[in-house]
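This is what each chain is made of:
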Amino acid sequence: MERSVRESIAGGCRIGIMGGTFNPIHYGHLVAAETARVEFALDKVLFIPTGIPPHKVDYQIADSDLRFAMVEISIRDNENFIASRIEIDREGPSYTYDTLKALHRLFPEQELFFITGSDALRDILNWREAEGIIGISKIIGASRPGYEIGDFLGELFDRYPYAQDRIFEMEIPALAISSTDIRKRIWNNKSIRYLLPEEVRRFIIENNIYISK
């Protein structure tokens, strides 16, 4: 991991991990990260863009360096947010378990909180090394419009009782924004203003990202 990131993490602190393709990053991601930071008293939130998405091969994905640059642009005004290239610089598919295991080795004294959308959390049992993920990191499921997870969590806790102290649901403002919709808007020459930070919008235009399907 980058030296600057390691130096920003103090011993004994609580670290949020905001993973994702960020293709592109938008206000929904930022709101979820900030809400988790406050509600779970996180000291820092790491934004970790996926290097090679293991399950997303059927759509256009921007170059990893461009996605990382957009993350950096988006979070640079928040001293509690940090961008990391740990997945981009690692060879092979970017699996959550591998990343959390690496972070646990680097920061053994810190408490890890993996932040994800409730829609993704519903699929957690199909994740690679699901039990290992729950064991290494606590998980925060950010609610999104149309994705309730109360019933699912009941089933999950019946199967893994120990997970009750490690998985939490968090409500965030109903921002019906998605990276998929932003890309479609760009393809169809529609406005994406106010869906993501203005500097990111300009970066996308200047670098001709997502211009063609």
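Located above this text is the structure these notes cover.
Novice: What exactly am I supposed to notice about the sheet that holds strand S3 (residues 81-83) here?
Specialist: Within a sheet, neighbouring strands are paired by backbone hydrogen bonds and run either parallel or antiparallel to one another. Read from one edge to the other, the open sheet built from six strands follows the order S3-S2-S1-S4-S5-S6, with strand pairing classed as parallel. In this open sheet, the two edge strands, each paired with only one partner strand, are S3 and strand S6 (167-170). When the angles between neighbouring strand axes are averaged without regard to direction, this sheet yields 25°. As judged from the five bridges shared by strand S1 (residues 14-20) and strand S4 (residues 111-117), these two strands associate in the parallel manner. Looking across to S4, one finds that Ile 17 is bridged to Phe 114. Packing against the sheet, helix H4 (residues 96-106) makes contact with S1, strand S2 (44-49) and S4, and its axis sits at approximately 155° to S4.

Novice: How do you make sense of H4 when you look at a structure like this?
Specialist: By the burial criterion, the buried members of H4 are Tyr 97, Thr 99, Leu 100, Ala 102 and Leu 103. Residues of H4 that are buried in the fold lie against S1, S2, S4 and helix H6 (130-136).

Novice: Can you help me understand the packing of helix H3 (residues 64-75) against helix H9 (residues 198-206) in this one?
Specialist: The relative placement of two packed helices comes down to the angle between their axes together with the axis-to-axis distance. Their axes nearest at 8 Å, the elements H3 and H9 cross at an angle of 155°. Considered as vectors, H3 and H9 are oriented roughly antiparallel to each other. Of the two possible hands of crossing, H3 and H9 adopt the one that is right-handed. Residue-level contacts link Leu 66, Ala 69, Met 70, Ile 73 and Ser 74 of H3 to Glu 199, Val 200, Phe 203 and Ile 204 of H9. Here the contact of H3 with H9 is built from residues that sort into seven nonpolar, one polar and one charged.

Cut-offs used in this document
- The residue count restarts for each chain, going from 1 along the sequence in the order it is written.
- Where local features are concerned, this predicted model is filtered to residues with pLDDT of at least 70; where side-chain atom pairs are given and counted, the filter is 80 or more; whole-chain, interface and lining totals use all residues.
- Just so you know, side-chain values use all the structure's heavy atoms and leave hydrogens and water out.
- Being paired, for any two strands, means DSSP has found at least two bridges between them.
- Note on conventions: DSSP H or I runs of at least 4 residues are helices, E runs of at least 2 residues are strands, and numbering of each starts at the N terminus.
- Axes here refer to lines fitted to C-alpha atoms; in helices the fit is confined to the stretch in contact. Angles between the N-to-C directions go from 0 to 180 degrees.
- Contact definition: two residues touch when any of their heavy atoms are within 4.5 Å.
- The cut-offs for exposure are 20% and 50% of the maximum accessible area for each residue type, with area from a 1.4 Å probe on protein chains only; residues under the lower value are buried, those over the upper are exposed, and the others partly exposed.
- Relative orientations are named as follows: roughly parallel for angles under 35 degrees, roughly antiparallel for angles over 145 degrees, roughly perpendicular for angles from 65 to 115 degrees, and oblique for any other angle.
- Note on convention: the crossing is left-handed when the near helix lies turned anticlockwise from the far helix by less than a right angle, right-handed when the turn is clockwise.
- In the scheme used here, Gly and all other residues not listed as nonpolar or charged are polar, with Ala, Val, Leu, Ile, Met, Phe, Trp, Tyr, Cys and Pro taken as nonpolar and Asp, Glu, Lys and Arg as charged.

By themselves, these are just geometric observations and shouldn't be taken as functional.
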